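Structural characterization, general
Okay, here's what each chain looks like letter by letter:
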Amino acid sequence: MSDQSTDLRETVRQRYAASALQVIEGGSGCCGPAPVEVDEVFGSALYAADERDVLPAAAVAASLGCGNPTAVADLREGERVLDLGSGGGIDVLLSARRVGPAGKAYGLDMTEEMLALALANAAKAGATNVEFLRGTIEAVPLSANTIDVVISNCVINLSVDKHAVFAEIFRVLRPGGRIGVSDVVADDTLTAAQRAERGDYVGCIAGALSFAEYRAGLTDAGFTDVEIAPTHAVADGMHSAIVRAAKPSTAVSAGVPAEHTTRP
């Protein structure tokens, strides 16, 4: 990894660590902790009220995403779900409710502070079919062919190596598995420099792929049935989008690296 990539990853980590601490240290007064993001394009407002109401206030307050991947992932009873960049745990907890006791929801995050917040939220929610893992989305600490659905909420755009992320998603998914992701995507006409003019990297703008780049990345990783549908604008020429794709039922990931030893 280059020095620039290392610096970008550390900048992202620091930003989300600070967001977690803001929620943790904000306390739980009569109205609960204040959300870390409050607008119509990012944060907990993108979740339905009945979803927010069944979760700990701190899980809702820590939401930083650009969509609601659990609403489009079509989760089913008994499935195993992995949330990349799980933050305070809102999507993991919602997923756990949908897959039920026979299923399991994993959350992966590289930020200790967010993991601590997520564990506290899971305990408050009484969720027993969840597990939070520390690691990066470019090197998922799970075995190959073990996950039914991968979700993520405005995190892949923050990665410094998106090709590695797509390869890891493909590896951990079982044959026939699928992804349901919310992410920021740029118009194909925007150059990398133009995307950077519209917002910084940690703000989920500068690092976003274009529609064509996103589709090509997933296809190159082996995915089929790729769909990228914009939902709302987050900046000029930049969109929150729902991304769906499938791992072919005949595809099996082999050669699991030694570091991927954790099993569901």
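The coordinates are above.
Nothing here was measured: the structure is a model prediction, and the numbers come from that model. (Residues numbered from 1 in each chain as written. Predicted model: local features only at pLDDT ≥ 70, side-chain atom pairs only at ≥ 80, totals over all residues. Heavy atoms only, no water.)

1. Thoughts on the nonpolar core
Short version of the rule: Nonpolar core, defined: a set of buried Ala, Val, Leu, Ile, Met, Phe, Trp, Tyr and Cys residues in which side-chain atoms within 4.5 Å join the residues together. A 1.4 Å probe rolled over the protein chains alone gives each residue an accessible area, and that area as a share of the maximum for its type sets the label: buried under 20%, exposed over 50%, partly exposed in between. Only DSSP runs of H or I with at least four residues qualify as helices, and only runs of E with at least two residues qualify as strands; both kinds are numbered from the N terminus onward. In what follows, a contact means two residues having at least one pair of non-hydrogen atoms within 4.5 Å.
Residues Leu82, Ile169, Ile179, Tyr214 and Phe223 are the most contacted members of the largest nonpolar core, which totals 33 residues. When contributions to this core are tallied by element, the ones reaching two or more residues are strand E1 (80–84), strand E2 (104–109), strand E4 (147–153), helix H6 (162–172), strand E5 (173–186), helix H8 (211–221), strand E7 (224–235) and strand E8 (238–246). Those residues in contact with leucine 82, other than ones at most four positions away along the chain, are Tyr106, Leu108, Val140, Leu142, Ile147, Val149, Val150, Ile151 and Val172. By size, the runner-up hydrophobic cluster in this structure holds ten residues, among which are Cys154, Val184, Ala208 and Val234.

2. Re the pattern of salt bridges
A pair can form between side chains of opposite charge whenever their charged atoms are brought close. Note the following rule: Within this document, salt bridges are pairs made up of a side-chain nitrogen of Lys or Arg and a carboxyl oxygen of Asp or Glu, the two lying within 4 Å of each other.
The full count for this structure, using the stated rule, is ten salt bridges. As a salt-bridge pair, glutamate 131 and lysine 104 come within 2.9 Å of each other at their nearest N and O atoms. Pair noted here: glutamate 131 is in strand E3 (residues 130–134) and lysine 104 is in strand E2, with a separation of 27 residues, a long-range link. Its relative accessible area of 24% is what places glutamate 131 among the partly exposed residues. We classify lysine 104 as partly exposed; its relative accessible area is 24%.

3. Considerations on H6
An α-helical segment advances 3.6 residues per turn. Residues three or four places apart therefore align on the same side. Most of H6 is tucked away, with nine of its eleven residues classed as buried. All buried positions along H6 are accounted for by Lys162, Ala164, Val165, Phe166, Glu168, Ile169, Phe170, Arg171 and Val172. Contacts from the buried residues of H6 go to E1, E4, E5, strand E6 (209–210) and H8.

4. What about the pairing of E1?
The two faces of the sheet receive side chains in turn, since in a regular strand these alternate between them. Heads up, the rule is: In this description, strands pair whenever DSSP reports at least two bridges between them. Seen with its strands pointing away from the viewer, a crossover is right-handed when the path leading from the first strand over the helix to the second is clockwise.
With respect to burial, E1 is a largely interior element, four of its five residues being buried. As paired strands, E1 and E2 are joined by five bridges and run parallel to one another. By the bridge assignment, valine 81 is partnered in E2 with alanine 105. Taken together, E1, helix H4 (residues 90–99) and E2 form a β-α-β motif whose crossover is right-handed.

5. Structural notes on the packing of H6 against H8
So the rule is basically this: What counts as an axis is a line fitted to C-alpha atoms, over the stretch in contact for a helix, and the angles between N-to-C directions run from 0 to 180 degrees. By the definition adopted for this analysis, an angle is roughly parallel if under 35 degrees, roughly antiparallel if over 145, roughly perpendicular if from 65 to 115, and oblique otherwise. Crossing handedness is read from the near helix: turned anticlockwise from the far helix by less than a right angle, it gives a left-handed crossing, and turned clockwise, a right-handed one. Polar here means any residue other than Ala, Val, Leu, Ile, Met, Phe, Trp, Tyr, Cys and Pro, which are nonpolar, and Asp, Glu, Lys and Arg, which are charged; Gly is therefore polar.
Contact geometry for H6 and H8: axes closest at 9 Å, N-to-C directions at 45 degrees. In terms of their interaxial angle, H6 and H8 are classed as oblique. As H6 runs across H8, the sense of the crossing is right-handed. Residue-level contacts link Phe166, Ala167 and Phe170 of H6 to Tyr214, Gly217, Leu218 and Ala221 of H8. Each residue belonging to the contact of H6 with H8 can be placed in one class, and the counts come to six nonpolar, one polar and no charged.

6. Quick look at the environment of glutamate 112
Applicable threshold: Contacts described as polar in this section are N or O atom pairs within 3.5 Å, which, within protein, must combine one atom able to donate a hydrogen with one able to accept it, while residues neighboring in sequence count only if both atoms come from side chains.
Of note, glutamate 112 is situated in helix H5 (residues 112–125). Here the alpha-carbon distance between glutamate 112 and glycine 135, two residues 23 residues apart in the chain, equals 9.7 Å. Only 2.8 Å separates the side chain of glutamate 112 from the side chain of arginine 134, close enough to count as a polar contact.

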